[in-house]
Amino acid sequence: MNLLSHTLPIVTQSMTFLGETSSKTIANSRLDFIFPNGSIIHNDNGVYFQTSTLVSIRVPNNCDFATLKIRIHNTLQLTDKQFLDEIHYQQSFTDTGNQIRFQCMQLINDDDVNTMLMCNDQFLCVGPIELLCSVGRTPHGIINLLERTMTPTHDALLYYNGR
């Protein structure tokens, strides 16, 4: 399952790399897609990712893990109360019947990112790289969220109203 089979809205970001807009920068990168806080679906072809909104990202051809995390963080415009928890890649492979299948690979270091880039070069026919990224909240972010969504209890209302 590749991007062409998805019918989701795509959020397009600026095609810049941290302020760089040169044609050389764009030529030395690839247009890929992030599935923020999506899910992994298993089917006959292996796995595919699903989310409500795709986000485009440019990944440099010589990317390392730290650079990829920074690019994703900036592309998703994460706040200081959010963090990038996990990154999964929809990895292509050929089964014994020469059929292209997909498996889920978690990216945790430079070697994994190199594998992702090499696999994508090997299987150009499957389309762009697809990354499932889970975004977490920091403890401070969770407390702020709870404070914003809590409704005052009867005792708290009495206390604050001076009764």
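Residues numbered from 1 in each chain as written. Predicted model: local features only at pLDDT ≥ 70, side-chain atom pairs only at ≥ 80, totals over all residues. Heavy atoms only, no water.

## Some remarks on the nonpolar core
One recurring pattern in soluble globular proteins is that nonpolar side chains are buried together. To keep it simple, the criterion reads: Definition used in this section: a nonpolar core is a set of buried Ala, Val, Leu, Ile, Met, Phe, Trp, Tyr and Cys residues joined via side-chain atoms within 4.5 Å. With a 1.4 Å probe rolled over the protein chains alone, any residue whose accessible area is under 20% of its type maximum counts as buried; one over 50% counts as exposed, and the rest are partly exposed. Helix and strand assignments come from DSSP, with helices taken as H or I runs of at least 4 residues and strands as E runs of at least 2, each series counted from the N terminus. The contact criterion used is simple: two residues touch if any of their non-hydrogen atoms lie within 4.5 Å.
Judged by nonpolar contacts, the single largest core of 23 residues is most densely connected at Leu68, Ile72, Ile87, Tyr89, Leu107, Met116 and Leu131. At the level of elements, β5 (54-60), α2 (65-75), β6 (82-94), α3 (110-122) and β8 (130-137) are the ones that each hand at least two residues to this core. The residues contacting Ile87, other than those within four sequence positions of it, are Phe65, Lys69, Ile72, Met105, Gln106, Leu107, Leu131, Leu132 and Cys133. Phe33, Phe35, Leu54 and Leu132 belong to the second-largest nonpolar core, a separate cluster that totals 5 residues.

## Quick look at the environment of Pro60
Within the secondary structure layout, Pro60 lies in strand β5. You can call Pro60 buried: its relative accessible area is 9%. Taking the C-alpha atoms as reference points, Pro60 and Asn28, 32 residues apart in sequence, are found 6.0 Å from one another.

## A few points about the side chain of Asp95
Quick note on the threshold: Whenever two N or O atoms come within 3.5 Å, that pair is a polar contact, provided that in protein one can donate a hydrogen and the other can accept it, and provided that, for residues adjacent in sequence, both atoms are side-chain atoms.
Within the secondary structure layout, Asp95 lies in the loop between β6 and β7 (100-106). Reaching out from Asp95, the side chain makes a polar contact with the backbone nitrogen of Gln99 at a distance of 2.8 Å. A polar atom in the side chain of Asp95 sits 3.0 Å from the side chain of Arg101.

## Some thoughts on the environment of Val113
Structurally, Val113 can be placed in helix α3. With relative accessibility at 0%, the residue Val113 sits in the buried group. On a C-alpha basis, the gap between Val113 and Phe65 in space is 6.0 Å, while along the polypeptide they are 48 residues apart. Those residues within four positions of Val113 in sequence are excluded, and the remaining contacts are Cys63, Asp64, Phe65, Leu68 and Leu107.

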